[in-house]
Amino acid sequence: MALIPRLMQYSSLRKMVLLTRQWKTPPSACLVQCRERSSQAFPLMRSVLFLKNSPESLQQFSEAKADAYVMDLEDAIPKEKKESALQLNAETLKSGIFRGHTVYVRINDISDETRLLKEVDALCHPDLTGFIVPKISSTDDIKKTDKILSELEKKNSLPPGHCKIIPILETLEALWHAPAIAKASPRMSALINGSADIAACFRRSPLSSPIVHSFLRDIVHAARAAGILALDAVSYLDNFPRLDRDVTRGKILGFDGMIVVHPSLVPFVNQLYSPTREEIDWAEQVAAGARVYQRSAQEYRQFIGPPHHFSASHILETHGKIKALESSVSKSTKPEEDMGTVTPLQRKGGLSANPMNRGEWTPGIVPVTLDSSWRAAWNSSFLNTRRLNSDDVAARQMGLPGIQPPFHLLATLALCLAVSKSSEVARFGLGISNAVQLRPVAEGDTIRAYFSLDSVEEAGSSGKYSIVTSSHVLVNQRDEVVFRATKPTMYPKEATEKLCIAKKQKNRIPTDSEVRRHIVQNAALRGNTYTGTMNLPLEPNKLYVHRIVKVFSPTEAKGLSNLVRATNEHHLNIKKEDMIGSVSFIHSVQQLKENPDLEEVTVRTMGIKNLDVDELMERNFPVRLFCGANMKTAEYEKICSEEFPLLYRRIATQVLWKFLRLRPLTSNEVPEGIQQEFS
């Protein structure tokens, strides 16, 4: 009981602290400040190029086409040459060649105030954008520099605040005071990440130490809170793959540009720090008032709210600046013989690019010859324990021409070889049904995929989507259908507007499986290589958790997409890794009337995404998950959310399938004392 007053006292104290914090720091203060300081207030600084201290380099600076330039007086200049460098920089500014460009000067350590006054006085010029200040440690250094600049601007008849300040955060003290430094003066235009010096303080490699990643976030946070730019440190000189990773990392973190030390890096960095086509498309849709963004029919939707408008505005402003800069540069540097430009044609695939009539059979993209290399490639990715797919002797005893391709390989080829002309622009594949291998496939057979449209129906009441049901077949070189399946697919409405299919057509594809007939006629418990094979008994209404999972890495997923010619963008542009586990529910086990040695097993298997299968052991699954007929995704999710949350949003696929197998031998059928003999 004595604990209750203490808890009440603690609760009251915590409430007071929260109220005090709310009064002192409005929750949206930082965001409001960032929004008020639009990116229009700052010039482009994707690439900030340090120039060589030579008359030739300074005179030819514009050939590099960087966004900003820096003349150096600090580390790059030997002590005995600092005076001549100062004089050269001052004369270059007075020559007027930098007029209209963004140009800074990195001055020396500001602890020497006499030297600071001399350098700033010599360089304070209308064509100078500002100064890069190294080795700062606190706001006092910024305030001292600000005061000196104010005096010299007045002396040189420059408007107040003309000269900007960009500090380099390269000491531990500066990093500690980064938020205050970023707001120390109205002259602040950016913060520079001095990662090499800071990492050296920790006695670690400057570009590979994990320490760098932690203070990169601190610098970006300080710059964003102050509403100014953040510039990343120089990367490797000629290691372009590493430079690509560094720039990509910096852009993701929120940096606006990078310091570069060689002109050859400028176009590479400029391109990487420019908005991508996808970013521009997103920003244009947000600016146009879209409440939901969806890049393509096959990708997930994103809700759009007020914070997104600020990001979209920044992207469009940056894009506008880049276009204006490119336009001005192209006009001033237009070659004598201008051959113009060319824009790539946008390839259109799927139903929208391939007009079709009802009942017509349309060929897939290419035929393929199924030799042993196909089976090896497929089996290297997917576990397959079926005897007919691995044992040539057993397959021939079944009356087949040899080892058969895996069933799921044939199903995948039947659908994927038709993707480029059918479902390339689809929203979702809604599954397949009536999938049957009709005839055996011999080693070296060449198969072609064909599909025809059966029906088109409106999906739901929104009017945005249609469901197209199509029939898919694989045909061998003798024009025999070896595999068939039916597939419903959801399309955007505009992709199906030109299709005129009144009602579902009667399909003329055979339904009897010759492969099944061979197995039923030839399979027996004795007299073939199955002798001695002990199948475990399967019981109806039992659930099995498969302990082996399949991990789809981006590299393997792209390789499989290329193998089966799946040209959907969401197959080829996979960027994440998924793990698929599975469970199987036995619906029925029935002895086959035509061959008592065989039994037909009906199974429903579910593929479960990104969940350790061990988590499924000793759990009570709702039987409703496995017993519904033609259940929709929403129905599965409703059952999981209410009765089995562990699987909510994790069921990637489900399949109801049948297979034949030799029934398990009973105890009185097993011969005693049999030992396999080898010659």
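Just so we're clear, the structure is a prediction, and the values are computed from it rather than from any experiment. All residue numbers here refer to positions counted from 1 along the written sequence of the relevant chain. Thresholds applied to this predicted model are a pLDDT of at least 70 for local features of residues and 80 or more for the giving and counting of side-chain atom pairs; totals over whole chains, interfaces and linings are not thresholded and use all residues. With hydrogens and water excluded, all non-hydrogen atoms of the structure serve as input to the side-chain values.

Peer 1: It is not clear to me how the overall build of the protein chain should be interpreted in this structure. Could you clarify?
Peer 2: Helix numbering and strand numbering both begin at the N terminus, where a helix is a DSSP run of H or I of at least 4 residues and a strand a DSSP run of E of at least 2. Scanning the protein chain from N- to C-terminus turns up 22 helices and 21 strands. Each residue is assigned to one of three classes by its accessible area relative to the maximum for its type, calculated with a 1.4 Å probe on protein chains only: buried under 20%, partly exposed between the two thresholds, exposed over 50%. Here the protein chain, with 679 residues, has 43% of them falling under the buried criterion. Throughout, a residue-residue contact means that at least one pair of heavy atoms, one from each residue, lies within 4.5 Å. Pairs at least 24 apart in sequence give 73% of the contacts found in the protein chain among residues at least 6 apart. Accessible surface is estimated by sampling points in the Shrake-Rupley manner with a 1.4 Å probe; for residues, cover comes only from the protein chains shown. Per element, the accessible surface of the protein chain, about 38,200 Å² overall, is 54% carbon and sulfur.

Peer 1: How do you make sense of the packing of helix α5 (residues 113-123) against helix α6 (residues 139-155) when you look at a structure like this?
Peer 2: Every axis corresponds to a line fitted to the C-alpha atoms, with the helix fit spanning only the stretch in contact, and the corresponding angles, defined between N-to-C directions, vary from 0 to 180 degrees. At their nearest, the axes of α5 and α6 sit 10 Å apart, and the two run at 40° to each other. In terms of orientation, α5 and α6 fall into the oblique class. Handedness of the α5/α6 crossing: right-handed. Here E113, L116, L117, V120 and D121 of α5 come into contact with α6, specifically with K144, I148, L149, L152 and K155. In the scheme used here, Gly and all other residues not listed as nonpolar or charged are polar, with Ala, Val, Leu, Ile, Met, Phe, Trp, Tyr, Cys and Pro taken as nonpolar and Asp, Glu, Lys and Arg as charged. Grouping the amino acids of the contact of α5 with α6 by side-chain chemistry returns 6 nonpolar, no polar and 4 charged. Note on terminology: angles under 35 degrees are roughly parallel, angles over 145 are roughly antiparallel, angles of 65 to 115 are roughly perpendicular, and the others are oblique. Two helices cross in a left-handed way if the nearer one is turned anticlockwise from the farther one by less than a right angle. They cross in a right-handed way if the turn is clockwise.

Peer 1: Even after reading the chapter, I still don't get the pairing of strand β15 (residues 445-459), so can you show me in this structure?
Peer 2: Each regular strand carries side chains that alternate between the two faces of the sheet. Alignment of strand β11 (residues 362-363) against β15, held across 2 bridges, turns out to be antiparallel. In the sheet register, P363 faces β15, and the bridge partner there is Y450. Examined bridge by bridge, β15 and strand β16 (residues 465-475) share 11 bridges and lie antiparallel to one another. Considered in β16, the bridge of R448 is made with V475. Think of it this way: DSSP has to see at least two bridges between two strands before they count as a pair. Linking β15 back to β16 in an antiparallel pair, the connection comprises 5 residues, with G460 at a positive phi of about 70°.

Peer 1: Can you help me understand α5 in this one?
Peer 2: One turn of the α-helix equals 3.6 residues, which is why residues spaced by three or four share an orientation. Every buried residue of α5 is accounted for by R115, L116, E119, V120 and L123. All buried residues of α5 project into a common sector of 120° when viewed along the axis, lining one side. Tucked inside the fold, the buried residues of α5 contact α4 (82-95), β3 (102-106), β4 (130-133) and α6. As used here, the arc belongs to the directions running from the helix axis to the C-beta atoms.

Peer 1: Just checking my understanding: could you explain the environment of T385 for this structure?
Peer 2: By secondary structure assignment, the location of T385 is in the loop between α15 (372-379) and α16 (392-397). For the pair T385 and P406, spaced 21 residues apart in sequence, the C-alpha separation works out to 9.8 Å.

Peer 1: Help me out: how do you make sense of the sheet that holds β4 in this one?
Peer 2: In a beta sheet, neighbouring strands pair by backbone hydrogen bonds and run either parallel or antiparallel. Taken together, 8 strands build a closed barrel; the order of strands is β1-β2-β3-β4-β5-β6-β7-β8 and the barrel is parallel. If you compare each strand with its neighbour and ignore which way they point, the axes differ by 25° on average. Pairing analysis gives 3 bridges linking strand β1 (residues 47-50) to strand β8 (residues 257-260), with the strands arranged parallel. The residue of β8 that forms the bridge with L49 is V260.

Peer 1: Explain the sheet that holds strand β21 (residues 651-662) to me, please; I cannot follow it from the model alone.
Peer 2: Strand order in this open sheet of 4 strands is β18-β19-β20-β21, and the pairing throughout is antiparallel. In this open sheet, the two edge strands, each paired with only one partner strand, are β18 (543-552) and β21. Pairwise comparison of adjacent strand axes, ignoring direction, gives a mean angle of 25° for this sheet. With 11 bridges joining them, strand β20 (residues 598-609) and β21 adopt antiparallel strand pairing. Across the sheet, residue V601 finds its bridge partner in β21, namely F659.

Peer 1: How should the packing of aromatic side chains be read in this particular structure?
Peer 2: Two measures describe an aromatic ring pair: the distance that separates the ring centres and the angle between the ring planes. Geometry of aromatic contacts follows a simple scheme: Phe, Tyr and Trp rings, the Trp one being its six-membered ring, pair when their centres are within 6.5 Å, and the pair is stacked under 30 degrees between planes, edge-to-face over 60, tilted otherwise. The full count for this structure, using the stated rule, is 10 aromatic pairs. Ring plane angle 35° and centroid distance 5.1 Å describe the contact between W657 and F659, whose orientation is recorded as tilted. Counted as over-ring charges are cases with an Arg CZ or a Lys NZ within 6 Å of the ring centre that also lie within 35 degrees of the ring normal. When the ring centre of F382 is taken as origin, the NZ or CZ atom of K550, which lies over that ring, is 5.3 Å away.

Peer 1: In this structure, what is going on with the side chain of E599? I would like to understand it.
Peer 2: Here E599 lies in strand β20. Looking at E599, the relative accessible area reads 9%, which means it is buried. Side chain to side chain, E599 and R661 meet in a polar contact 2.6 Å long. If sequence neighbours within four positions are ignored, E599 has contacts with V589, Q590, Q591, L592, F659, L660, R661, R663 and P664. By the criterion applied in these results, polar contacts are pairs of N or O atoms within 3.5 Å in which, for protein atoms, one can donate a hydrogen and the other can accept it, and in which residues neighboring in sequence qualify only through two side-chain atoms.

Peer 1: What exactly am I supposed to notice about the state of the cysteines here?
Peer 2: Each disulfide consists of one covalent bond between the sulfur atoms belonging to two cysteines. Throughout, disulfides are identified as pairs of cysteine sulfur atoms within 2.5 Å of each other. Counted according to the given criterion, the structure contains 0 disulfides. Not part of a disulfide, C124 finds its nearest cysteine sulfur in C163, a span of 3.8 Å.

Peer 1: What is the right way to look at a nonpolar patch on the surface in this model?
Peer 2: Where nonpolar side chains cluster on the molecular surface, the patch consists of V234, L237 and V261 and spans about 220 Å² of accessible area. Summarising the element assignment, V234 is placed in the loop between β7 (229-232) and α11 (240-253). When its relative accessible area of 33% is taken as the criterion, V234 is described as partly exposed. Patch definition: residues with relative accessible area over 30% and no salt bridge; like charges joined within 9 Å; nonpolar side chains (Val, Leu, Ile, Met, Phe, Trp, Tyr) joined within 5 Å. Here, a salt bridge means any side-chain nitrogen of Lys or Arg that lies within 4 Å of a carboxyl oxygen of Asp or Glu.

Peer 1: Can you walk me through the pattern of salt bridges in this structure?
Peer 2: Pairing between side chains of opposite charge can happen when the charged atoms of each approach one another. Applying the stated criterion across every chain, the model contains 32 salt bridges. A salt bridge links E83 to R115; its shortest N-O distance comes to 2.6 Å. In this pair, E83 is assigned in helix α4 and R115 in helix α5, connecting sequence segments 32 residues apart. According to the relative accessible area criterion, R115 is buried, its value standing at 16%. A salt bridge links E279 to K251; the shortest N-O distance between them is 3.4 Å. One end of the pair, E279, is in helix α13 (residues 277-287); the other, K251, is in helix α11, and 28 residues separate them in sequence.

Peer 1: So what exactly am I meant to see when it comes to unusual backbone geometry here?
Peer 2: The phi angle of most residues is negative, glycine excepted, and most peptide bonds adopt the trans form. Look at R565: it is not a glycine, yet its phi comes out positive at around 60°. Its relative accessible area of 30% is what places R565 among the partly exposed residues. For R649, which is not glycine, the phi dihedral falls at a positive 65°. Inspection of the secondary structure puts R649 in the loop between α22 (633-643) and β21.

Peer 1: I tried to follow the nonpolar core on my own but got confused; where do I start?
Peer 2: Put simply, buried Ala, Val, Leu, Ile, Met, Phe, Trp, Tyr and Cys residues joined by side-chain atoms within 4.5 Å make one nonpolar core. In terms of nonpolar packing, the biggest core is built from 80 residues, with L123, F131 and L191 touching the most fellow members. If we skip the residues at most four places from it in the chain, L191 touches I166, P167, L169, A182, I219, A222, A223, I228, L229, A230 and L231. Core analysis: the second largest hydrophobic core is formed by 23 residues, F382, L417, A449 and F483 among them.

Peer 1: Would you explain α4 in this entry?
Peer 2: Expected span of a helix: the number of residues minus one, times 1.5 Å. Taking 1.5 Å of rise per residue, 14 residues should cover 20 Å, and α4 covers 20 Å from first to last C-alpha, within 8% of that figure. Considered for burial, the residues of α4 that qualify are K82, A85, L86, L88, N89, A90, T92 and L93. In the core, the buried residues of α4 are packed alongside α3 (55-59), β2 (68-72), β3 and α5.

Peer 1: What exactly am I supposed to notice about the confidence of the model for the protein chain here?
Peer 2: Any region with low pLDDT has predicted coordinates that should not be read closely. Overall, the predicted model of the protein chain reaches an average pLDDT of 81, with 82% of residues at or above 70. Note on residues 528-532: pLDDT under 50 across the span, and 18 contacts to partners over four residues away in sequence or across chains. Values of pLDDT, ranging from 0 to 100, describe the predictor's confidence in every residue of the model.

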